[in-house]
Amino acid sequence: MSTNFADYKNIWVYAEQRDGKLMNVALELIGEGHKLSRDISADTKVCALIVGDGIGHLAQECFEYGADQVYLIEDPLLKNFTTDGYTKVISDAINEYKPEIVMYGATHIGRDLAPRVAARMDTGLTADCTHLDVKVANYIKFANENTTLNTSSLDPDDPDTGLKMTRPAFGGNLMATIICPRTRPQMSTVRPGVMQKMERMEGATGEIINVKPAISEGDIRTKIVDIVKSAKELVSLTDADIICSGGRGLGDPSGFELIKEFADKVGGVVGSSRAAVDAGWIDHSHQVGQTGTTVKPKIYFACGISGAIQHLAGMQTSDIIVAINKDPDAPIFEVADYGIVGDLYKVIPEIIAEWDNAEA
Ligand code: FAD
C-alpha cells in the first residue's frame, strides 16, 4: 500500500461534547495539538472537530483554548453519540480533508470511536497515550521528500518517524513509544488529565468549516431509547485541585469514612488505590492509576498507599504529593514532596485538628 503523505496536513482534535458541553479533555488536547502543530511547521494548524446537533456555539470556546480552525459536523441524527453515525461522518471528513494526525480523549466514547475510525481509515491507533512528540527535522523530511511513501525505503524502527506516541505497556512496567510510519492519519487516544490546557484567550477567533454530513437513518444500526445518567455519585477526580486517596493501609472499608472527612475538611475529593477497589471498599470510579483515572491535582494525599508503579502512573505529575505511610521504605516516598512516616489513623486526625485550629 502506498500513502501520499503530502496530501495529509494539520492536526485534528475530536472535541467531544456531551449535552452541548465540551469535555475537559478536548481542551487539553487542543492545547497539546497547538504545541505539536508549531513543532511540525509554522503553517500546520490545530483544528477542533465538533460533531452533534446545535453545537455551533462550542467553536468559540475551542478558539479561545488554542484551535486555529473548527470543523463543524451538525445533523439531527448526530444529536446523541452513536458509534455508527459518528464513525461514518468522521471517516468521511477525514477522507475529504486529510488531517495528518487525529487525537481523541480516552473517554468511554473516545475509546469506542477511535478504533472504529482507524479501521475504516486502514490506519493505526495508539490507545491511552500519556505523551506525544514530533521531531521537526525528520517530520519535514517525511512530509516533503517522501511524498509517495515507499515502504521498502522506510525503516519502521527509526524512532524519528513522524508522531511518537508513548503509553504504558506491560502492566505499566515500561513505557512504549509507538509510531505509525506507513499510513495516515496517525491516530491516538490520550488519557484525560495528562495534557495541559492553554491559558484561555478571551475573544480569540478562527475559521469555521461547516461540513455537510452524508448520513441517513439507515447508517445507524442502534436506536437510543432513553438516556439514564449513572445513579452513582459522580467523582470528578480529573478536575479536582485536592485529592485525598486511601489504600490497603486503611485496613478496612470504614477507613474511607476518615478519608472522606479529611477530603471534606481540605476541600478535596476521595481517591483510592486499586487494592482498596479490589477489596470492595470503594467504587472503581475513585481509583487512581493506570487502570483508573489519571489525575494532576495541586495536592495529592496518598494515605496508606505503597506507591506501586501502576498507582504512580496515574498521579505522579501532581503538583505536590504528600504521603502518609507507616513504612519509611515505602516507594511512595520516592515521589513524595512531603512524607509523613506514621499511622494514618493518628496522622490524619491531627491534620484535621490543625486545620480546625487554623480556621478558628
Ligand atoms: P499495598 O501495596 O498493600 O500498600 C499498603 C500500604 O499501606 C503499605 O505501604 C503499608 O506500609 C501502608 N500501611 C499499612 N497500614 C498503615 C497505617 N495504619 N498507616 C499508614 N500506612 C499504612 N493500582 C492502583 O492503585 N491503580 C491502578 O490503576 C492499578 N492498575 C494496575 C494494573 C495492572 C495491570 C496491575 C498488574 C496492577 C495494577 N494496580 C493498580 C495494582 C498495584 O500493582 C498495587 O497492587 C496497588 O496499587 C497496591 O495498592 P495499595 O498501595 O493500596 O496497597
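Heads up: the structure comes first, above all this text.
It should be emphasised that the depicted structure is a prediction, and the values quoted were computed from it without experimental measurement.

About the thresholds
- Residues numbered from 1 in each chain as written.
- Predicted model: local features only at pLDDT ≥ 70, side-chain atom pairs only at ≥ 80, totals over all residues.
- Heavy atoms only, no water.
- Pairing = 2+ DSSP bridges.
- Helix = DSSP H or I, 4+ residues; strand = E, 2+ residues; numbered from the N terminus.
- Axes fitted to C-alpha atoms, helices over the stretch in contact; angles between N-to-C directions.
- Core = buried A, V, L, I, M, F, W, Y, C linked by side-chain atoms within 4.5 Å.
- Buried < 20%, exposed > 50% of the residue type's maximum accessible area, 1.4 Å probe, protein only.
- Contact = heavy atoms within 4.5 Å.
- Salt bridge = Lys/Arg side-chain N within 4 Å of Asp/Glu carboxyl O.
- Near = heavy atom within 4 Å.
- Polar contact = N/O pair within 3.5 Å; in protein donor to acceptor, adjacent residues only side chain to side chain.
- Areas by Shrake-Rupley, 256 points an atom, 1.4 Å probe, with all protein chains shown as cover.
- Nonpolar A, V, L, I, M, F, W, Y, C, P; charged D, E, K, R; others polar.
- Expected span 1.5 Å × (residues − 1).
- Arc of directions from axis to C-beta.

Draft legend 1. Local environment of the sheet that holds strand β10 (residues 174-178). Reading across from one edge, β8-β9-β10 is the order of the three strands in this open sheet, with antiparallel pairing throughout. Every other strand in the sheet has two partners, leaving β8 (131-133) and β10 as the edge strands with one partner each. On average, adjacent strands in this sheet sit at an angle of 25° to one another, irrespective of strand direction. Pairing of strand β9 (residues 164-169) with β10 involves five bridges; the strand directions are antiparallel. If you follow Arg167 over to β10, its bridge partner there is Ala176.

Draft legend 2. The arrangement of the nonpolar core in detail. Core analysis: the biggest nonpolar cluster contains 34 residues, and Ile50, Cys62, Val70, Met103 and Leu132 have the highest contact counts within it. Of all the secondary-structure elements, those providing two or more residues to this core are β1 (11-14), α1 (24-40), β4 (46-52), α2 (58-64), β5 (69-74) and β6 (101-105). Excluding residues within four positions of it along the chain, Leu132 makes contact with Glu32, Leu36, Met103, Leu163, Lys164, Met165, Ser188, Val190 and Met195. Cys47, Ile90, Leu113 and Val117 belong to the second-largest nonpolar core, a separate cluster that totals 26 residues.

Draft legend 3. Region of interest: the pattern of salt bridges. With the rule as written, the count across this model stands at 15 salt bridges. A salt bridge links Asp356 to Lys265, with the shortest nitrogen-to-oxygen separation between them at 2.7 Å. Within this pair, whereas Asp356 is found in helix α10 (residues 344-359), its partner Lys265 is found in helix α6 (residues 255-266), the two being separated by 91 residues in sequence.

Draft legend 4. Just the environment of Lys326, in detail. Take Lys326: it is sitting in the loop between β16 (320-325) and α9 (332-335). Taking the C-alpha atoms as reference, Lys326 lies 37 Å from Lys197; in sequence the two are 129 residues apart. When residues no more than four places from it in sequence are discounted, the contact partners of Lys326 are Val341, Gly342 and Asp343.

Draft legend 5. Expanded view of the site of the ligand. Close to the ligand lie 24 residues; Arg248, Ser273, Thr291, Ser306 and Gln310 are nearest. For the ligand, an oxygen atom lies 2.8 Å from a polar atom in the side chain of Gln287. A distance of 2.8 Å separates an oxygen atom of the ligand from a polar side-chain atom of Asn325. Isolated, the ligand exposes 990 Å² of accessible area, and the fraction of that covered by the protein chains is 77%. When contributions to the shell around the ligand are tallied by element, the ones reaching two or more residues are α7 (274-278) and α8 (309-312). Residues that form the shell around the ligand fall into these classes: five nonpolar, 14 polar and five charged.

Draft legend 6. Structural context of helix α4 (residues 108-121). Compared with an ideal rise of 1.5 Å per residue, which puts 14 residues at 20 Å, α4 spans 21 Å between its outermost C-alpha atoms and is within 8% of the ideal. Those residues of α4 that fall on the buried side of the exposure criterion are Ile109, Gly110, Leu113, Ala114, Val117, Ala118 and Met121. Looking straight down α4, one finds its buried side chains confined to an arc of 135°; they lie on one side. Pointing more than 90 degrees away from the buried face of α4 are the exposed residues His108 and Ala119. The inward-facing, buried residues of α4 contact β1, β2 (17-18), α3 (83-97), β6, β7 (125-129) and β11 (186-190).

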